[in-house]
Amino acid sequence: MITKNLQHIKASLPEHVTLVAVSKTKPVVDLQEAYNAGQRIFGENKIQEMAEKFDVLPKDIKWHMIGHLQSNKVKYMAHFVDLIHGVDKLKTLKEINKQAKKHNRIINCLLQAKIAKEETKFGLSFEEIESILQSNDLTTLENIKIVGFMGMATFTENQEQLQEEFLLLKNFFQKHKTANKSANCELTILSMGMSADYNLAIENGSTMVRVGSSIFGNRNYN
Ligand SMILES: *Cc1c(COP(=O)(O)O)cnc(C)c1O
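These remarks concern the structure in this document. (Residues numbered from 1 in each chain as written. Predicted model: local features only at pLDDT ≥ 70, side-chain atom pairs only at ≥ 80, totals over all residues. Heavy atoms only, no water.)

Observations regarding the nonpolar core
By size, the foremost hydrophobic cluster in this structure holds 63 residues, and its most contacted members are L93, L111 and F149. The dominant element in this core, judged by the number of residues it contributes, is helix α7 (residues 159-177), at five residues. Setting aside residues no more than four positions away along its own chain, L111 makes contact with H85, V87, L93, L124, I129, I132, L133, I146, G148, F149 and M150. If you look at the next biggest cluster of nonpolar residues, it comprises eight residues, including I41, L110, V147 and M208. (Core = buried A, V, L, I, M, F, W, Y, C linked by side-chain atoms within 4.5 Å. Buried < 20%, exposed > 50% of the residue type's maximum accessible area, 1.4 Å probe, protein only. Helix = DSSP H or I, 4+ residues; strand = E, 2+ residues; numbered from the N terminus. Contact = heavy atoms within 4.5 Å.)

Topic: the site of the ligand
Every residue lining the ligand is accounted for by V22, K24, I66, M150, M152, M194, S195, R210, V211, G212, S213 and R219. Between the ligand and the protein, one listed contact pairs an oxygen atom with a backbone N or O atom of G212 at 2.8 Å. Protein burial of the ligand: of its 380 Å² of free accessible surface, 90% is covered by the chains. When the residues that make up the shell around the ligand are grouped by side-chain class, the tally is six nonpolar, three polar and three charged. (Near = heavy atom within 4 Å. Polar contact = N/O pair within 3.5 Å; in protein donor to acceptor, adjacent residues only side chain to side chain. Areas by Shrake-Rupley, 256 points an atom, 1.4 Å probe, with all protein chains shown as cover. Nonpolar A, V, L, I, M, F, W, Y, C, P; charged D, E, K, R; others polar.)

So, in structure tokens, the structure goes:
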């Protein structure tokens, strides 16, 4: 099923949209099947689980951390992670920079914007993002690069509300894409959309979708 699901989704995506196959909780054989079907970008939400999978799977896979970050665990992925989606603190950026430096790498990061109306979701307000983008501290972080924003919409089937949330972030992204920024900041990626809402997200400006259950089936736990 995985191969079929992947082919179906890939065929439907516009060319400018990147597919992240969200493989959290899924066994290595499932990832290997997706790999054999041509998928090279995988998303995980736990650093340790991602590191274990990195160790045993082909090395041309690009690993994306999509979960909430704990600063003290960044060191376990600094040698291989390709893109970190959920950065929501300047302090975390500093820690990523420090760990990336040890491996002589530049790690790409997305700032997570809070667009959902729910209370529980992580993320930065637009004001907080602007203050990070304008901070002098940012210019000193030579081993990170901010390449865009990530957002998670409210868990709802209300299409109008979803669209409103996606559009809000798209407009904010467009505004900052062209503004003068620190040298380590070049906004090209807007990560929005999951299995239930990725089509709507793409219609509203997403350039990167994070799709799990529509590829790998439902998860038993999270
Ligand atoms: C799990 C997860 C996804 C994928 O969710 P699906 O509904 O299974 O597609 C996308 N983004 C984040 C941040 C996630 O944690």
